[in-house]
Amino acid sequence: MAVILDGREYSNIALDQVAEKVQALKKNGITPGLAVILVGDDPASQTYVRSKGKACDRVGIYSRTLILASDTTQAQLEKQIADLNRDDRIDGILLQLPLPAHLDEQHALSCIAPEKDVDGFHALNAGRLMLSLDGVLPCTPKGIIFMLKQAEIPIEGEHAVVVGRSNIVGKPAALLLLQENATVTICHSRTQDLKALTRQADILVAAVGKPKLITEDMIKPGAAVIDVGINRANGRLVGDVDFENVSKVAGYISPVPGGVGLMTVAMLMDNVVGLASRNRA
Ligand code: NDP
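Residues numbered from 1 in each chain as written. Predicted model: local features only at pLDDT ≥ 70, side-chain atom pairs only at ≥ 80, totals over all residues. Heavy atoms only, no water.

Novice: It is not clear to me how the domain arrangement of the protein should be interpreted in this structure. Could you clarify?
Specialist: In many reports, interface size means the accessible area that the parts give up when they come together. Looking at the protein, the domain boundaries give domain 1 (30-114) and domain 2 (139-260). Computed from C-alpha atoms alone, the centre-to-centre distance between domain 1 and domain 2 is 28 Å. (Domains from an automatic or database assignment.)

This is the structure:
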């Protein structure tokens, strides 16, 4: 049976480290601040926003949540972002995605000042990652690397297969694994013979959004399987991996819930502190 990669344990380690950094900043009169903008009333987004607020409380970060009506216009949203860009108490601005369909996500993200872009989704920070320059790293991919390192799973020279190529998870996860000297394959909806590729993975990252897409016949025995997916099926949360059967073949597996999602929140806290240190200390 696979070793469970316990997101609670690893995120607690990360959060304790963040809390120490916050204390050090507070001694210098700096309280890191996060603003979260939520547009509309999507229940899943509301849950994520609440968990981010709780994490801020736990580590001592000042947080503010702006809830905007679902018919908010692009101009109104961007005005809120502009105000936060000028707000000295706020080090990081997070725009909770997805936005309602009438809003232009990419344009709104580009309005966040790059030095307050806590998710690392601004083109400037995405470009810095591409060039392996210092910058803000997207929270979920950063959390995956943190988890692999905590579990002492080797990355260098290993074959990492990332299923999914979104700008927020798949692509940055592939780039970070590459930076760690893995040999990286990226798969997506047009990939032919997905199984032939996933079976070669020493590290398999599933970031698709399809329950049980990854089955045990797609796994190399002993592989580390990182399940990023968050899907609602029959009223409960499941990942992209058929956990019950894949855990009989894999060497390591992250559960859903209780895996990568917790790492994402912890890395968000780390990014707020990183921005406060960089821009104010
Ligand atoms: P997107 O929908 O943006 O991307 C999904 C990717 O999966 C696309 O690249 C798509 O390919 C690919 N894909 C779709 N179907 C298949 C298939 N049959 N075989 C192979 N690849 C396929 O999703 P996100 O990256 O934003 O999110 C992925 C999942 O991760 C979701 O469940 C989301 O809820 C979850 N998530 C979890 C987080 C966490 O903290 N745990 C954080 C963020 C997201 P193509 O590009 O060709 O369309």
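Novice: What is the right way to look at the site of the ligand in this model?
Specialist: Looking at the ligand, there are 22 residues lining it, with Arg165, Ser166, Ser189, Ile230 and Thr264 nearest. A distance of 3.5 Å is found between a nitrogen atom of the ligand and a backbone nitrogen or oxygen belonging to His188. The contact in question runs from a nitrogen atom of the ligand to an N or O atom on the backbone of Val228, over 3.3 Å. Taking 930 Å² as the accessible area of the ligand by itself, protein coverage stands at 70%. (Near = heavy atom within 4 Å. Polar contact = N/O pair within 3.5 Å; in protein donor to acceptor, adjacent residues only side chain to side chain. Areas by Shrake-Rupley, 256 points an atom, 1.4 Å probe, with all protein chains shown as cover.)

Novice: Sorry, what's going on with the sheet that holds strand β2 (residues 33-39) here?
Specialist: Consider a sheet: its strands pair through backbone hydrogen bonds, and that pairing is either parallel or antiparallel. Here we have three strands laid out as an open sheet, ordered β3-β2-β4, and parallel in their pairing. Where the open sheet ends on each side, the last strands, each with one partner, are β3 (62-68) and β4 (92-95). On average, each strand axis in the sheet is tilted by 15 degrees relative to the strand beside it, whichever way the strands run. Note that β2 and β3 share seven bridges and pair parallel. Bridge pairing in β3 links Val39 to Leu68. (Pairing = 2+ DSSP bridges. Helix = DSSP H or I, 4+ residues; strand = E, 2+ residues; numbered from the N terminus. Axes fitted to C-alpha atoms, helices over the stretch in contact; angles between N-to-C directions.)

Novice: Teacher, can you tell me more about the sheet that holds strand β1 (residues 3-4) here?
Specialist: Overall, parallel pairing links the six strands, which are arranged β1-β11-β8-β7-β5-β6 in an open sheet. Pairing within the sheet leaves two strands with one partner each, and these edge strands are β1 and β6 (183-187). Sheet topology note: the strand β7 (residues 203-206)/strand β8 (residues 224-227) ladder contains four bridges and is parallel. Note that in β8 the partner of Leu204 across the bridge is Val225.

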